[in-house]
Amino acid sequence: MELHIQSQQPWCKKLLQLMGVPVIDAPSEAEAQCAAMAKEGAVYGAATEDMDCLTFGCPTLIRHLMAPSSSNTPIQEFSLSVLLQELDVSMEQFIDMCILCGCDYASNIRGIGAVRALSLIKQHGTLEKVVQVGRRQHTLACVIALTAAAQSAADSVLLLDYTHKGRSERTLGVQVWH
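These remarks concern the structure in this document.

What counts, and where the lines are drawn
In every chain, residue numbers begin from 1 and rise along the written sequence. Residues qualify for local features only when their pLDDT is at least 70, as the model is predicted, and side-chain atom pairs are given and counted only at 80 or more; totals for whole chains, interfaces and linings, by contrast, use all residues. As a rule here, side-chain values come from all non-hydrogen atoms in the structure, and water together with hydrogens is ignored. In this description a helix means any DSSP run of H or I spanning at least four residues, a strand means any run of E spanning at least two, and both kinds are numbered starting from the N terminus. Three exposure classes are used, based on accessible area relative to the maximum for each residue type with a 1.4 Å probe and protein chains only: buried under 20%, partly exposed in between, and exposed over 50%. With residues, only the protein chains shown are counted as cover, and all accessible areas are computed by Shrake-Rupley using a 1.4 Å probe. In this analysis, axes come from line fits to C-alpha atoms, helices being fitted only over the stretch in contact, and the angle between any two N-to-C directions falls in the range 0 to 180 degrees. Note that the term roughly parallel is reserved for angles under 35 degrees, roughly antiparallel for angles over 145, roughly perpendicular for angles of 65 to 115, and oblique for everything else. In this description, contact between two residues means that some pair of their heavy atoms is separated by no more than 4.5 Å. Classes in brief: Ala, Val, Leu, Ile, Met, Phe, Trp, Tyr, Cys and Pro nonpolar; Asp, Glu, Lys and Arg charged; the others, Gly included, polar. At least two DSSP bridges between two strands are needed for those strands to be called paired.

Some words on the overall build of the protein
In step 1: Looking only at helices and strands, the protein has seven helices and four strands in total.
In step 2: In the protein, the order of α-helices and β-strands from amino to carboxyl end is α-α-β-β-β-α-α-α-α-α-β.
In step 3: Evaluated residue by residue, the protein yields a buried proportion of 38% over its 178 residues.
In step 4: Counting every atom, the protein has about 11000 Å² of accessible surface; 55% of that belongs to carbon and sulfur.

Printed below as a string of structure tokens:
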């Protein structure tokens, strides 16, 4: 039997409320609400698999908190400030980099992953400048993809799961809990 999450929501909310657990309905994106609460200090961080929480400015993101113990998946804690410092980018550049990687509102761009996106942002500074340079140097398909990503994701956030070869998880702002 397939579990329909939407149909289970009212029951889950009621159960949590009966247990004394506060329930908050986010006005839009749940990750945006969680990030705002974490920035205000109302909560320690956001436990989610959706890393776009970082682009909303969530200072601490926790992944794999609800992973089954049988999977032996370690819980990871990401620190936004350490990530920005280690990547040597501003928050605006981080968001631009993530848009280039592909986000909830724009498709991935073929040939651009996290390493290439970081390189492009460091080289050109902003997504808009990457698009301008793309118009001069790249194929028409790449320019169309870059322009579409920039336009459709202008007011959005994205999913980023950045891994950098040769660095430990700790230096990238990730703390692994075993």
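Moving on, there is more to tell.
So, the packing of helix α3 (residues 80-87) against helix α4 (residues 91-101)
In step 1: Between α3 and α4, the least distance of the axes is 10 Å, while the angle of their chain directions is 85°. By the angle class used here, α3 and α4 are roughly perpendicular. For the pair α3 and α4, contact is made by Leu80, Leu84 and Leu87 and by Met91, Phe94 and Met97, respectively.
In step 2: Partitioning the contact of α3 with α4 into residue classes produces six nonpolar, no polar and no charged.

Some words on the pairing of strand β2 (residues 60-63)
In step 1: Residues Thr60 and Ile62 point to one face of β2 and Leu61 and Arg63 to the other, with burial holding for every one of them.
In step 2: Sheet topology places strand β1 (residues 46-47) next to β2; two bridges connect them, and they run parallel. If you follow alanine 46 over to β2, its bridge partner there is leucine 61.

Side note on unusual backbone geometry
In step 1: Here histidine 64, not a glycine, exhibits a phi torsion of approximately 65°, which is positive.
In step 2: Along the polypeptide, histidine 64 turns up in the loop between β2 and β3 (75-79).
In step 3: Even without glycine at this site, asparagine 72 takes up a positive phi of about 55°.
In step 4: You can call asparagine 72 exposed: its relative accessible area is 69%.

As for the environment of valine 23
In step 1: Among the secondary structure elements, valine 23 is positioned in the loop between α1 (5-18) and α2 (30-40).
In step 2: Sequence separation between valine 23 and lysine 13 is 10 residues; the distance between their C-alpha atoms is 6.6 Å.
In step 3: Those residues in contact with valine 23, other than ones at most four positions away along the chain, are Lys13, Leu16 and Gln17.

Any link to function would need more than the numbers given here.
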